[in-house]
Amino acid sequence: MKSIAARVRAALIPVALILASSLGTAGAQSPQHSGGSAPHGGPPPQAHYDGRYSHNQYYAPHGAYYGSVPGRPIYVGGHGGHYYYSGGVWYAPRGPGFVVVAAPVGFFVPVLPPFYTTLWIGGFPYYYANDTYYTWRADQSGYEVVDPPADQGASTQPPPSDDLFIYPQSGQSEEQQSNDKYECHKWASSQTGFDPTQSAGGAPPDQAAARRADYQRAMRACLEGRGYSVR
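Let us look at the structure shown here. (Residues numbered from 1 in each chain as written. Predicted model: local features only at pLDDT ≥ 70, side-chain atom pairs only at ≥ 80, totals over all residues. Heavy atoms only, no water.)

1. A few points about unusual backbone geometry
Alright, step 1. One non-glycine residue with positive phi stands out, namely Tyr53, at about 55°.
Alright, step 2. Looking at where Tyr53 falls in the secondary structure, it is placed in the loop between strand E1 (48-50) and strand E2 (57-59).
Alright, step 3. Of note in the backbone geometry, Asn56 takes a positive phi value of approximately 55° without being a glycine.
Alright, step 4. Looking at where Asn56 falls in the secondary structure, it is placed in the loop between E1 and E2. (Helix = DSSP H or I, 4+ residues; strand = E, 2+ residues; numbered from the N terminus.)

See below:
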């Protein structure tokens, strides 16, 4: 009897060792990424750090691939393509998932990124985040992705006191003020050939001062025609 029991125990030992080895291997495997929180094919890539204008924020780098768009994405579509926008990052459909891309110029979003930096260039406000510039467009009730302006003299502070003082005497909202300033800036530039967002206003050096004065007069006329008091 003892010899039979010994033989049974000897036969069971390899089976127990195999089971223990299998369980140990399964427990040592790294957990799988769920949803779209991690890029497809491996761990999250190194984040892109945007320190321009002391913005100091991290974003997913261009080319990163996700199974689904993180956060609460907003669909942005048009003739130029289909995109999703979330947290200041732009995504385009790619196969079964989404890839991080550069913001498409000319597209509109209803809200700015959670963290953005306001820039003042030539007296006009731009909103900056993740290497992208936005301007408010009241006619579209949204913020437009625009080409990077010439940023000589860009400042995160409002224009100095020697610029125009503009008072919204008709109670215009901040968004309406931004849109009116932008539209008047475009008109004044087209009328005078002076663009304060460009180096030297984009005018010959010997004409810059005179054209700047013309631009200021044109801005004043335009803004006063839209119900502002300008000094």
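2. Let's talk about helix H2 (residues 174-192)
Alright, step 1. With 19 residues, H2 extends 26 Å from end C-alpha to end C-alpha; this agrees with the ideal 27 Å at 1.5 Å per step.
Alright, step 2. Residues of H2 that are buried include every one of Gln177, Ser178, Asn179, Asp180, Lys181, Tyr182, Cys184, His185, Ala188, Ser189 and Thr192, and no others.
Alright, step 3. The inward-facing, buried residues of H2 abut strand E9 (117-121), strand E10 (124-129), strand E11 (132-137), strand E13 (166-167) and helix H3 (208-225).
Alright, step 4. Positive backbone phi, at 75°, marks Gly193, one or two positions downstream of H2. (Expected span 1.5 Å × (residues − 1). Buried < 20%, exposed > 50% of the residue type's maximum accessible area, 1.4 Å probe, protein only. Contact = heavy atoms within 4.5 Å.)

3. Looking at the nonpolar core
Alright, step 1. Trp90, Val109, Tyr134 and Tyr143 are the most contacted members of the largest nonpolar core, which totals 17 residues.
Alright, step 2. Looking at this core, the elements with two or more residues in it are strand E5 (81-86), strand E6 (89-94), strand E7 (97-101), E11 and strand E12 (142-146).
Alright, step 3. Excluding anything up to four places from it in sequence, Tyr134 contacts Tyr85, Trp90, Val109, Leu112, Pro113, Tyr126, Tyr127, Tyr143, Glu144, Val145 and Val146.
Alright, step 4. Counting twelve residues, the second-largest nonpolar core is a separate cluster that includes Cys184, Ala203, Ala218 and Cys222. (Core = buried A, V, L, I, M, F, W, Y, C linked by side-chain atoms within 4.5 Å.)

4. Focus on the sheet that holds E7
Alright, step 1. Spatially, five strands are ordered E3-E7-E6-E5-E4 in an open sheet, and the strand pairing comes out antiparallel. Of all the strands in the sheet, just strand E3 (65-66) and strand E4 (74-78) have a single pairing partner and so form its edges. (Pairing = 2+ DSSP bridges.)

5. Considering the state of the cysteines
Alright, step 1. Applying the stated rule across the entire model yields one disulfide.
Alright, step 2. Paired by a disulfide, Cys184 and Cys222 hold their sulfur atoms 2.1 Å apart. Of note, the bridge from Cys184 to Cys222 carries an S-S torsion of about -75° and is left-handed in sense. Residue Cys184 is located in helix H2, and its partner Cys222 is located in helix H3; the two are separated by 38 residues in the primary sequence. Each member of the pair Cys184 and Cys222 is classed as buried. (Disulfide = S-S within 2.5 Å.)

Limitation: the analysis is restricted to geometry and does not speak to function.
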